[in-house]
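Survey of secondary and tertiary structure
Each chain, written out:
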Amino acid sequence: MMDAVMPIQGKVATWLELAVAPDWRRERCKIQVHAVGPRDGTCYAISMDGRWLCVGSGELTVFHGLSAALHFLKLMRIEDFEPGEPTGMPVVGTGNHYCMCADEDQGLIPCNCTNRRCATH
């Protein structure tokens, strides 16, 4: 199990890497969607070949709701993925995360899980 409790260090996967990866490379990647936090089924993180998906600044990308995570993968043209092990992360919204949720129009927007300002709450 990957440990996302500590700040993300070492090799990570970024949105840009995932977006510009050639189709042949993405077809060989192992993409997994992981439940995050004590509220299993509420927030999710994505890994690419065992590396956490992070924003360019190194913050772990967390999706509020499975639909937000799946929408992100759809935007990246990724159809082959599988469920991953839960992250073991105790808290979402501690400052080491970049949280996204789906808005009313089914787009993705940044949200603040600490203040529970997601459109899906």
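Anyway, here's the lowdown on the structure attached to this text. (Residues numbered from 1 in each chain as written. Predicted model: local features only at pLDDT ≥ 70, side-chain atom pairs only at ≥ 80, totals over all residues. Heavy atoms only, no water.)

Examining the nonpolar core
- Ranked by internal contacts, the top residues of the largest apolar core, which has 19 residues, are Leu18, Ile31, Ile46, Phe63 and Phe72.
- Among the elements that make up this core, the one with the highest residue count is helix α3 (residues 66-75) (four residues).
- Cys43, Ala45, Trp52 and Val62 belong to the second-largest nonpolar core, a separate cluster that totals seven residues. (Core = buried A, V, L, I, M, F, W, Y, C linked by side-chain atoms within 4.5 Å. Buried < 20%, exposed > 50% of the residue type's maximum accessible area, 1.4 Å probe, protein only. Helix = DSSP H or I, 4+ residues; strand = E, 2+ residues; numbered from the N terminus.)

Brief notes about the pattern of salt bridges
- Under the defined criterion, the tally for this structure stands at two salt bridges.
- We note a salt bridge from Arg51 to Glu17, for which the minimum N-O separation is 2.8 Å. Of this pair, Arg51 sits in strand β4 (residues 51-54) while Glu17 is found in helix α1 (residues 15-20), placing the two residues 34 residues apart along the sequence.
- Under the relative-accessibility criterion, Arg51 is labelled buried at 14%.
- Note that Glu82 and Lys30 form a salt bridge whose closest N and O atoms lie 3.7 Å from each other. Placement of the pair is Glu82 in strand β6 (residues 82-83) and Lys30 in the loop between α2 (23-28) and β2 (31-36), with a sequence separation of 52 residues.
- Accessibility expressed as a relative area gives 34% for Glu82, which makes it partly exposed.
- On the basis of relative accessibility, which here comes to 44%, the residue Lys30 falls in the partly exposed class. (Salt bridge = Lys/Arg side-chain N within 4 Å of Asp/Glu carboxyl O.)

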